[in-house]
Amino acid sequence: MTDTRETLRRHILELVAEYYATAHAPRPFVPGQTRVQYAGRVYDAQEMTAAVDSLLDFWLTAGPRAAALEDGLADFLGLRHALLVNSGSSANLVAVAALCSRRLERPLQPGDEVITPAMGFPTTVAPILQNQLTPVFVDCRLGDYNLDPAQLEPALSARTRAIFVAHTLGNPVEMAALMDVARAHDLYVIEDACDALGSTYDGQMVGSFGDLGTLSFYPAHHMTTGEGGAVVTNSPRLARIARSIRDWGRDCWCRHDSPPTGACNRRFEWTIPGLDEPYDHRYLFVEIGYNLKMTDVQAAIGVAQLEKLPGFVAARRRNFAALYAGLQQYEEFLLLPTWSERADPSWFAFPITVREGAPFTRRDLTTFLEARNVETRLLFAGNILRQPGYLDVPHRVVGSLPNSDRVLRATFFVGVYPGLDTPRLDYMLACFEDFFTAQRRT
Ligand SMILES: Cc1ncc(COP(=O)(O)O)c(C=O)c1O
């Protein structure tokens with residue numbers, strides 16, 4: 001029976017690999033016809049067989065693959081805890097909610113202030129508002145598109161309790177200066193590393209400096225599980241709170257392989273205040289929680305992707321370097337990315353700002369590239385305070401955010417993801433060259 005099962009499983013997985021080779025294997029690049037994507041899933045038969053293998057187990061909810069992925073991610077980042085969630089946005093929500101837990105000695109309270117850049121992705125800011133905290137917006141720098149640590153001191157008030165910062169497009173924030181301010185003023189730090197898995201600052205992985213870090217595994221990101229994300233931390237207490245918030249608010253931290261008596265080994269002996277008999281830990285609810293868990297099929301894909309992550313990061317760096325070398329000749333009109341000498345970015349994409357005074361607009365350049373099948377994207381929300389959903393949100397702001405406004409008007413990015421090979425990168429650069437040649441003629 002077991003033999004038949006194993007033979008069938010092997011046969012199915014061999015067929016899946018064959019199916020991958022027939023239906024999914026990368027096709028040759030045809031310049032002008034094949035879309036040069038800014039990002040995308042990079043996978044092969046390994047991910048497809050891992051997903052089907054997990055489906056044959058039919059565990060469905062977080063199980064052995066989720067446990068393996070959590071352990072693998074924690075190891076990769078050099079941290080004690082990684083908790084899988086169903087998106088990077090959920091990771092941000094869990095991280096902020098965790099810092100509001102009444103089980104902390106100094107939880108964030110409604111009306112407390114969280115310093116965050118105005119330029120970035122909306123779901124870095126949304127959880128601040130969703131938890132009745134007040135965002136204090138600071139400007140970004142042009143070039144690295146990150147928060148300027150010199151803006152932190154002027155942003156402080158008596159209510160400031162935390163900094164929530166994203167490493168923009170994989171480019172590490174100046175973490176040494178940021179952590180100095182955080183320590184000096186006793187501020188919590190959350191790092192949104194959704195776009196920055198594998199980036200280092202002073203040789204340390206970003207996402208591992210603050211109290212909590214967050215990751216996204218949406219297909220555009222450094223590795224994918226379809227939808228998915230993770231909250232990472234070195235603090236056992238914050239991990240326990242974050243897990244509870246992810247898992248309906250319950251206290252139990254059992255995994256799929258915990259014994260019937262629970263990971264705590266006294267599952268049936270917990271107490272509820274006022275109840276004179278013991279209560280099952282599985283049903284002890286200590287937080288106002290959500291259900292933001294990942295499935296085991298997604299985690300199976302993630303385990304296969306994590307194995308490839310070092311190669312993905314290396315490819316992103318290589319592709320970035322090739323584009324940088326090719327675009328340097330246009331620096332008179334295009335502001336190319338900058339980064340700290342203490343940083344080794346694992347780039348999400350290649351940001352470009354059209355300089356003031358250039359004889360063309362961002363729209364001229366992006367429509368030219370898009371018409372030639374080179375994908376471009378805007379740098380997320382630009383200045384979030386200009387976005388319709390955020391016009392009336394309670395907030396404080398430091399200065400007039402000129403750089404965030406400039407990003408809104410003049411910045412875009414193109415891809416560096418591992419799916420780009422030399423022919424695609426050369427084609428992309430040839431399109432830039434065509435644009436500038438056409439410009440010179442007008
Ligand atoms: C910086 C940043 N944070 C958070 C997110 C949200 O991640 P997700 O799409 O997995 O919800 C994104 C999305 O791309 C992002 O770029």
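Engineer: Help me understand the overall build of the protein, please; the structure alone is not making it clear to me.
Structural biologist: A count of helices and strands for the protein gives twelve helices and 15 strands. Against the globule reference of 22 Å for 442 residues, the protein gives a C-alpha radius of gyration of 23 Å, in line with a compact fold. Counting over 442 residues, the protein shows a buried share of 55%. Sequence-distant contacts in the protein: of pairs separated by 6 or more residues, those separated by 24 or more amount to 73%. Accessible area of the protein: about 19,600 Å², with a carbon and sulfur share of 53%. The positive charge centre, built from 42 side chains, and the negative charge centre, built from 51, are 2 Å apart in the protein.

Engineer: Can you walk me through empty space enclosed by the protein in this structure?
Structural biologist: If a probe as big as a water molecule is rolled over the atoms, it shows which places are left empty. In total, this model carries two cavities of 30 Å³ or more according to the counting rule given. Considering only enclosed or pocket space, the largest cavity measures out at about 80 Å³ in volume. Contributing to the lining of the largest cavity are 14 residues, with Pro117, Met119, Gly120, Phe121 and Ala166 lying nearest its centre. Breaking the lining of the largest cavity down by element, the ones donating at least two residues are β2 (113-117) and α5 (122-130). Among the residues forming the lining of the largest cavity, the class breakdown is nine nonpolar, five polar and no charged. Its boundaries defined by the atoms lining it, the second largest cavity holds a volume of some 50 Å³. Every residue lining the second largest cavity is listed: Gly40, Val42, Pro219, His221, His222, Met223, Thr224, Gln305, Phe312, Arg316, Tyr417 and Pro418.

Engineer: Sorry if this is basic, but what is going on with helix α10 (residues 362-371) here?
Structural biologist: For an α-helix, 3.6 residues make a turn, and residues three or four places apart therefore share a direction. Arg362, Leu365, Thr366, Phe368 and Leu369 are the residues of α10 that are buried. Burial along α10 is one-sided: seen end-on, the buried residues are contained in an arc of 155°. Exposed side of α10, more than 90 degrees from the buried face: Arg363 and Ala371 are the residues found there. Positive backbone phi, at 70°, marks asparagine 373, one or two positions downstream of α10.

Engineer: Sorry if this is basic, but what is going on with the side chain of threonine 124 here?
Structural biologist: Structurally, threonine 124 is set in helix α5. Among the polar contacts made by the side chain of threonine 124, one reaches the side chain of aspartate 192 at a distance of 2.9 Å. Setting aside chain neighbours within four positions, we find threonine 124 in contact with Asn92, Thr116, Phe164 and Asp192.

Engineer: It is not clear to me how the domain arrangement of the protein should be interpreted in this structure. Could you clarify?
Structural biologist: One frequent convention defines the size of an interface as the accessible area lost when the parts assemble. Examined at the domain level, the protein breaks down into domain 1 (53-256 + 284-297), domain 2 (257-283) and domain 3 (308-441). Once you take the C-alpha centre of each, domain 1 and domain 3 turn out to be 25 Å apart. Across the contact, 47 residues belong to domain 1 and 45 residues belong to domain 3. For the pair domain 1 and domain 3, the two sides together bury roughly 3,600 Å², of which 63% comes from carbon and sulfur. Area buried by domain 1 at its contact with domain 3 is led by Phe137, Leu169 and His222, which between them contribute 20% of it. Taken together, the links from domain 1 to domain 3 amount to two salt bridges. Taking the shortest distance from any N to any O, the salt bridge between arginine 396 and glutamate 113 comes out at 2.8 Å. Counting residues per element, the ones that place at least two in the side of domain 1 that touches domain 3 are α5, β3 (134-138), α6 (152-155) and β6 (200-201). Ranked by the residues each element gives to the side of domain 1 that touches domain 3, the list is headed by β3, at five residues. Of the residues belonging to the side of domain 1 that touches domain 3, the class tally is 26 nonpolar, 14 polar and seven charged.

Thresholds, definitions, all that
- Residues numbered from 1 in each chain as written.
- Predicted model: local features only at pLDDT ≥ 70, side-chain atom pairs only at ≥ 80, totals over all residues.
- Heavy atoms only, no water.
- Helix = DSSP H or I, 4+ residues; strand = E, 2+ residues; numbered from the N terminus.
- Rg over C-alpha atoms; globule rule 2.2 N^0.38 Å.
- Buried < 20%, exposed > 50% of the residue type's maximum accessible area, 1.4 Å probe, protein only.
- Contact = heavy atoms within 4.5 Å.
- Areas by Shrake-Rupley, 256 points an atom, 1.4 Å probe, with all protein chains shown as cover.
- Lys, Arg positive; Asp, Glu negative; His and termini not counted.
- Charge placed at Lys NZ, Arg CZ, Asp CG, Glu CD.
- 1 Å grid on protein atoms, 1.4 Å probe; cavity = no way out; pocket = protein on both sides within 12 Å on 5 of 7 lines; lining within 4 Å.
- Points joined across faces, edges and corners; volume = space filled by probe spheres on them.
- Nonpolar A, V, L, I, M, F, W, Y, C, P; charged D, E, K, R; others polar.
- Arc of directions from axis to C-beta.
- Polar contact = N/O pair within 3.5 Å; in protein donor to acceptor, adjacent residues only side chain to side chain.
- Domains from an automatic or database assignment.
- Buried area = accessible area lost by both parts, 1.4 Å probe.
- Salt bridge = Lys/Arg side-chain N within 4 Å of Asp/Glu carboxyl O.

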